[in-house]
Amino acid sequence: MKIPENLALVIFGASGDLTYRKLIPAVYVLSGQGLLPKNFEVIGVGRTKISNEDFREKMKDGIRKFSGEKDMAEEKIALFAKHLNYISFDIASPGEYSHLVAALEKSDSEESTSGNYIFYLATPPDMYTIISENLKGAGLSSQDKGFRRIIFEKPFGSDLYSCQQLNRRLHTLFSEEQIYRIDHYLGKETVQNLLVTRFSNCMFEPLWDRKYINHIDISSAESIGVENRGRYYESAGALRDMVQNHLLQMVGLVAMESPSSLHPDAIRNEILKVFQSLQPIREDEVPKYVIRGQYTASHVRGECQSGYRQEPGVDPNSRTETYVAMKFYINNWRWGGVPFYIRTGKRLPTRVTEIVIHFKPTPHFLFHIDDMNKAVNQLIIRIQPDEGILLKFGMKEPGAGFNVKNVNMDFHYSDLADVKLPSAYERLLSDVMLGDSTLYSRNDTVETAWKFLDPVLIAWDVNPDIKIYGYPAGTWGPENANDLIEGKDMTWRYPCKNLADDGLYCEL
């Protein structure tokens, strides 16, 4: 593995949950694996006034709880914490950035961080341009004395117009090569393995097209509700929060052509081509192709679960969707006529993300099977949890006759006892330190994704007759979502949290 150059990582919003639960634990793991440079420093920035020592103690607690490391040697944690510092100032005020400049100059002289800075914006999106402008004004975007990179969390814009405006403004402050738009789903090992599964195995690639695949469905389910994020979620909803980024990026990796190389732009160019080939959904077609829902109160295992409209910070008459299911097509030679289905929702039965490739049945089925829908092969790529790959195919049942039964052949990453799957943030932070943007979204890709979804947002906004279906918390969403699936008696796959346990009791 390559080791990055000496650097300082500046985290805006460092007193928040993302830094505590994800970022600092990930940096700690990279340090323990020897994947950080000899000289590095993390500078937390926030409005909350806390001392350096209090910041370090809080981050040490986050490491213990969320790093996933088995060896929790206190001396290692204490040694790592010496690289953590915190400064408090008003990040909206240009004049206050002299504090950050002084801290970075001190880091360069005392920690030898060589003028290489990465800025991570773990802040609300409305602070993106303000912080970027202030960094530019303080001379911290110039790469004259070292590299300068800036990371933005999702959502990147709230529609096509706002995304374009944000990109235009940022490009006056930083170059595109300096901008890293993070999508933590792309940092997951099983998402990256899609490229290897497709392009290193001759047995899969010849079948990966409209001649052999009937349809593809991608699900990302969460068992929790919006919790304490009601105010944010009211302005976002499932389409903006999950579909525009996570789910469409997975569509891109599933449907892309083989890149000419593993260069970041070669891969991202192919994903862009997929997005450009998405068949547009007109505003008047939205009810036909998109189902939205909102979870309602219910009892799950004797416990009362609140409905979305009863959550803190949510409008009692809210029409914000907590569930979205979509059908669409990709207009190119490989995928012409093959329906793609994607769905995501909160308060579903279990937390699971997976991609299901449904192959076509044989032209003439000779054998007996109780349900013809089970006679088709499926390749299931489990993103989380119980990461792995499952292949479903028919086998003869023992005894007389030719009765066919579906069986599973599966691989689980957990079977590799000596291998620990890196967290998404470990991989993505390592990549940005190395200047590898492969798993980050490019400006044209993000804008093209918004262009595809804009008619849906507009239709929901202007047409009150488009229904939002209620579904009881703990169920798989509105029953109407099954109406999207083409074919007699065809439905979504209803997975359990264990990869191979579909069709069995699924714990709520």
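Residues numbered from 1 in each chain as written. Predicted model: local features only at pLDDT ≥ 70, side-chain atom pairs only at ≥ 80, totals over all residues. Heavy atoms only, no water.

### Considerations on the overall build of the chain
Then step 1. Helix and strand content of the chain: 12 helices and 17 strands.
Then step 2. Compactness check: the chain gives a C-alpha radius of gyration of 24 Å against a globular reference of 23 Å for 508 residues, within 12% of the reference.
Then step 3. By principal-axis analysis of the C-alpha atoms, the chain measures approximately 80 × 55 × 50 Å.
Then step 4. The buried share of the chain, reckoned over its 508 residues, is 53%.
Then step 5. Considering only intrachain contacts with a sequence separation of at least 6, the fraction spanning at least 24 residues in the chain is 77%.
Then step 6. A distance of 1 Å separates the average location of the 58 positive side-chain charges in the chain from that of its 67 negative side-chain charges. (Helix = DSSP H or I, 4+ residues; strand = E, 2+ residues; numbered from the N terminus. Rg over C-alpha atoms; globule rule 2.2 N^0.38 Å. Buried < 20%, exposed > 50% of the residue type's maximum accessible area, 1.4 Å probe, protein only. Contact = heavy atoms within 4.5 Å. Lys, Arg positive; Asp, Glu negative; His and termini not counted. Charge placed at Lys NZ, Arg CZ, Asp CG, Glu CD.)

### A look at the packing of aromatic side chains
Then step 1. Using the criterion set out here, one finds 18 aromatic pairs in the structure.
Then step 2. Each ring, one from Phe 89 and one from Tyr 97, has its centre 5.2 Å from the other, and the planes form 70°; the classification is edge-to-face. Side by side, Phe 89 and Tyr 97 carry an identical accessibility label, which is buried.
Then step 3. Both rings, one in Phe 328 and one in Phe 452, keep their centres 5.6 Å apart while their planes meet at 75°; by these two values the pair is edge-to-face. Separated by 124 residues along the polypeptide, Phe 328 in strand 11 (residues 323-328) and Phe 452 in helix 12 (residues 443-462) bring together distant segments of the chain.
Then step 4. By relative accessible area, which is 1% here, Phe 328 ends up buried.
Then step 5. Its relative accessible area of 6% is what places Phe 452 among the buried residues. (Phe/Tyr/Trp six-rings, centres within 6.5 Å; stacked < 30°, edge-to-face > 60°.)

### Here we look at the sheet that holds strand 6 (residues 179-181)
Then step 1. The sheet built from six strands is open, its strands ordered 3-2-1-4-5-6 with parallel pairing. Each end of this open sheet is capped by a strand with a single partner; those strands are strand 3 (84-88) and strand 6. Averaged over all neighbouring strand pairs, the angle between strand axes comes to 20°, with direction disregarded.
Then step 2. The pairing of strand 2 (residues 40-46) with strand 3 spans five bridges and is classified as parallel. Within strand 3, the residue paired with Ile 43 across the bridge is Asn 85.
Then step 3. Across the sheet, helix 2 (residues 52-66) lies against strand 2 and strand 3, angled at about 125° from strand 3, the strand it touches most. (Pairing = 2+ DSSP bridges. Axes fitted to C-alpha atoms, helices over the stretch in contact; angles between N-to-C directions.)

### Let's talk about helix 7 (residues 189-199)
Then step 1. Where burial is concerned, most of helix 7 is hidden: eight out of the 11 residues are buried.
Then step 2. In this fold, the buried residues of helix 7 make contact with helix 8 (230-255), helix 9 (264-276), strand 13 (352-359), strand 14 (378-384), strand 15 (388-396) and helix 11 (424-434).

### Describing the packing of helix 7 against helix 8
Then step 1. At a minimum axis distance of 9 Å, the contact between helix 7 and helix 8 shows a crossing angle of 15°. Accordingly, the angle class assigned to the pair helix 7 and helix 8 is roughly parallel. Crossing geometry of helix 7 relative to helix 8 is assigned as right-handed. Here helix 7 contributes Val 191, Leu 194, Leu 195 and Arg 198 to the contact with helix 8, which in turn contributes Met 250, Leu 253, Val 254 and Ala 255. (Parallel < 35°, antiparallel > 145°, perpendicular 65-115°, else oblique. Left-handed = near helix turned anticlockwise from the far one by under 90°.)

### Let's talk about the sheet that holds strand 11
Then step 1. Read across the sheet, nine strands follow the order 16-15-14-13-7-12-11-8-17 without closing on themselves; strand pairing throughout is mixed. Each edge of the sheet is formed by a strand with only one pairing partner; in this case those strands are strand 16 (404-412) and strand 17 (469-472). Strand-to-strand twist across the sheet, computed as the mean angle between neighbouring axes with direction ignored, equals 20°.
Then step 2. As paired strands, strand 7 (residues 213-221) and strand 13 are joined by eight bridges and run antiparallel to one another. Counterpart to Ser 219 in the pairing with strand 13 is Glu 354.
Then step 3. On top of the sheet, helix 7 reaches strand 13, strand 14 and strand 15; it is set at about 145° to strand 14, its chief contact.
Then step 4. Where helix 12 meets the sheet, its contacts fall on strand 8 (290-296) and strand 11, and the angle it forms with strand 11 comes to roughly 125°.

### Thoughts on the confidence of the model for the chain
Then step 1. On average, residues of the chain score 89 in pLDDT, and 94% of them reach the 70 mark or higher.
Then step 2. Of all secondary-structure elements in the chain, the lowest mean pLDDT belongs to strand 16, at 79, while strand 11 reaches the highest, 97. (pLDDT = per-residue confidence, 0-100.)

### Digging into the nonpolar core
Then step 1. Grouped together as the largest cluster of nonpolar side chains are 144 residues, with contacts concentrated most on Phe 12, Leu 100, Phe 119 and Met 326.
Then step 2. Looking at this core, the element that brings in the most residues is helix 8, giving 12 residues.
Then step 3. Contact partners of Met 326, with chain neighbours within four places excluded, come to Leu 239, Val 243, Ile 281, Tyr 289, Val 290, Phe 340, Tyr 341, Ile 342, Phe 452, Leu 453, Leu 484 and Trp 492. (Core = buried A, V, L, I, M, F, W, Y, C linked by side-chain atoms within 4.5 Å.)

### Side note on empty space enclosed by the protein
Then step 1. Applying the stated criterion to the full structure yields four cavities of 30 Å³ or more.
Then step 2. A volume near 140 Å³ is recorded for the largest cavity.
Then step 3. Around the largest cavity, the lining is made up of 13 residues, and of these Phe 156, Ile 182, Asn 245, Ser 441 and Val 446 lie nearest the centre.
Then step 4. Tallying contributions element by element places helix 8 first for the lining of the largest cavity, with three residues.
Then step 5. Taken together, the residues of the lining of the largest cavity break down into five nonpolar, four polar and four charged.
Then step 6. Approximately 70 Å³ is the volume attributed to the second largest cavity.
Then step 7. What lines the second largest cavity is simply Leu 186, Val 191, Gln 192, Leu 195, Leu 253, Ile 267, Ile 271, Thr 438 and Leu 439.
Then step 8. At the level of secondary structure, the elements contributing two or more residues to the lining of the second largest cavity comprise helix 7 and helix 9. (1 Å grid on protein atoms, 1.4 Å probe; cavity = no way out; pocket = protein on both sides within 12 Å on 5 of 7 lines; lining within 4 Å. Points joined across faces, edges and corners; volume = space filled by probe spheres on them. Nonpolar A, V, L, I, M, F, W, Y, C, P; charged D, E, K, R; others polar.)

### Concerning the pairing of strand 11
Then step 1. With six of six residues buried, strand 11 is to be regarded as a mostly interior element.
Then step 2. Because side chains alternate across strand 11, one face comprises the buried residues Tyr 323, Ala 325 and Lys 327, and the other comprises Val 324, Met 326 and Phe 328, equally buried.
Then step 3. Direction of pairing for strand 8 relative to strand 11: antiparallel, over a ladder of four bridges. Within the sheet, the bridge partner assigned to Gly 293 lies in strand 11 and is Tyr 323.
Then step 4. As defined by bridge partners, strand 11 adjoins strand 12 (residues 340-345) across six bridges and the pair is classed as antiparallel. If you follow Val 324 over to strand 12, its bridge partner there is Thr 344.

### What about the side chain of Thr 353?
Then step 1. Within the secondary structure, Thr 353 sits in strand 13.
Then step 2. At a separation of 3.3 Å, a polar atom in the side chain of Thr 353 contacts the side chain of Tyr 185. (Polar contact = N/O pair within 3.5 Å; in protein donor to acceptor, adjacent residues only side chain to side chain.)

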